[in-house]
Amino acid sequence: MTLDIDPNLQYSLLEYVAHLTADDYDRLPEDLTKLGFLAPDKLEFARRSGVLEPLKYFLKQVGQGGGAQRFRERIMSEYREKYPGMSDEELRLAMRSEMQVSVGQDLTLSKIASSAVISFVC
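In this text the structure is predicted, and so the values were computed from the model without any measurement.

## Remarks on the overall build of the protein
Line of reasoning, step 1. Each helix and strand in the protein was counted, giving seven helices and zero strands.
Line of reasoning, step 2. Each helix and strand of the protein, placed in order from N terminus to C terminus, yields the pattern α-α-α-α-α-α-α.
Line of reasoning, step 3. Looking at the 122 residues of the protein, the share that counts as buried comes to 34%.
Line of reasoning, step 4. Summed over all atoms, the accessible surface of the protein reaches about 7900 Å², with 57% contributed by carbon and sulfur.

Printed below as a string of structure tokens:
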């Protein structure tokens, strides 16, 4: 059984995978627009606001491999170096705070994305 896929969508998927493979996360907004996940009129907002920063961070970490456990270990290690002497709970709060600051306090989408990444890690 096969599925007919629009050639433009096929090309967009290939570009998306190529950008992920090349760690070219700055192209993510355009890729998500071409794939239909982001409305074209929201493209500039996504670029300027940083709303996709948590997703970029997540994809960078996942791209390094090792599964969920290794992903979690890398992030916790990064924050332990950054904030020596903090407990795991304090590190989680620091992560959450940094994510919120990086994308703006009042962006609902960023709070959802940040919480998803932190929940996955912690």
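## Regarding unusual backbone geometry
Line of reasoning, step 1. One non-glycine residue, Asp-23, lies in positive phi territory at about 55°.
Line of reasoning, step 2. With respect to the helices and strands, the residue Asp-23 is situated in the loop between helix 1 (7-21) and helix 2 (28-34).
Line of reasoning, step 3. Classification of Asp-23 as exposed rests on a relative accessible area of 53%.

## Some thoughts on a nonpolar patch on the surface
Line of reasoning, step 1. A surface patch of nonpolar side chains, amounting to about 350 Å² of accessible area, comprises Leu-3, Ile-5, Leu-9 and Leu-13.
Line of reasoning, step 2. Within the secondary structure, Leu-13 is located in helix 1.
Line of reasoning, step 3. On the basis of relative accessibility, which here comes to 39%, the residue Leu-13 falls in the partly exposed class.

## Notes on the nonpolar core
Line of reasoning, step 1. Listed in full, the eleven residues of the largest apolar core are Tyr-16, Tyr-25, Leu-28, Leu-32, Leu-35, Leu-38, Leu-43, Ala-46, Val-51, Leu-52 and Leu-59.
Line of reasoning, step 2. Those elements that place two or more of their residues in this core are helix 2 and helix 3 (43-49).
Line of reasoning, step 3. The residues touching Leu-52, leaving out its near neighbours within four places in the chain, are Pro-29, Leu-32 and Ala-46.
Line of reasoning, step 4. Residues Tyr-57, Met-76, Tyr-79 and Met-99 belong to the second largest nonpolar core, which totals eight residues.

Here is what the cut-offs are and how they apply
- Residues numbered from 1 in each chain as written.
- Predicted model: local features only at pLDDT ≥ 70, side-chain atom pairs only at ≥ 80, totals over all residues.
- Heavy atoms only, no water.
- Helix = DSSP H or I, 4+ residues; strand = E, 2+ residues; numbered from the N terminus.
- Buried < 20%, exposed > 50% of the residue type's maximum accessible area, 1.4 Å probe, protein only.
- Areas by Shrake-Rupley, 256 points an atom, 1.4 Å probe, with all protein chains shown as cover.
- Patch = residues over 30% accessible without salt bridge, like charges linked within 9 Å, V, L, I, M, F, W, Y side chains within 5 Å.
- Salt bridge = Lys/Arg side-chain N within 4 Å of Asp/Glu carboxyl O.
- Core = buried A, V, L, I, M, F, W, Y, C linked by side-chain atoms within 4.5 Å.
- Contact = heavy atoms within 4.5 Å.

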